[in-house]
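Listed below, chain by chain, are the residues.
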Amino acid sequence: MGSSMGYETIKPGDRRYKSIEQDWSPWLQEIGHLYDRFIAEEYPSPFALHEQATVGLLVSAAARAGYLNYNEYELSKKGRDDKRRRVPGRADFWMECNGRAYSFEIKRAFLDTSSAKLNRMMKAAIA
């Protein structure tokens, strides 16, 4: 992976996350390759544009890693006012790899990645 975008792998001794490491490492590497290509060819970072561009990068990388995936798919969510009720909803990204499935709700954080901002964005994604 190039120097413009990197990630750290989960420590090999941490067995709690072994399946996530196995699933996500090829995907994260593909994200890095695609991101580096955008930068090398002097296109804007997909992360800097909008949520859809970010999801597009994640979906493309999942496909390049050989994973099945959907973007903008329908699902059942907890109701906003009554958490006991299930209501129709949508999620941004889903991928399946090695018999496990992951669902993601993507929120744009702009360039402010302070703990307070990330906490607000996480609360928005959970809501």
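Preceding block: the structure.
The sections below set out a description of the structure shown in this document. (Residues numbered from 1 in each chain as written. Predicted model: local features only at pLDDT ≥ 70, side-chain atom pairs only at ≥ 80, totals over all residues. Heavy atoms only, no water.)

## Considering the pattern of salt bridges
Opposite charge on two side chains permits them to pair, given that their charged atoms come into close proximity.
Okay, so step 1: Per the stated rule, a full pass over the model turns up seven salt bridges.
Okay, so step 2: A salt bridge links Arg 37 to Glu 41; the nearest nitrogen and oxygen atoms lie 3.0 Å apart.
Okay, so step 3: According to the relative accessible area criterion, Arg 37 is exposed, its value standing at 52%.
Okay, so step 4: On the basis of relative accessibility, which here comes to 42%, the residue Glu 41 falls in the partly exposed class.
Okay, so step 5: As a salt-bridge pair, Arg 84 and Asp 82 come within 3.1 Å of each other at their nearest N and O atoms.
Okay, so step 6: Residue Arg 84 is classed as exposed on the basis of its relative accessible area, which comes to 75%.
Okay, so step 7: We classify Asp 82 as partly exposed; its relative accessible area is 26%.
Okay, so step 8: The structure contains a network of salt bridges with shared partners spanning Glu 72, Glu 74 and Arg 90. (Salt bridge = Lys/Arg side-chain N within 4 Å of Asp/Glu carboxyl O. Buried < 20%, exposed > 50% of the residue type's maximum accessible area, 1.4 Å probe, protein only.)

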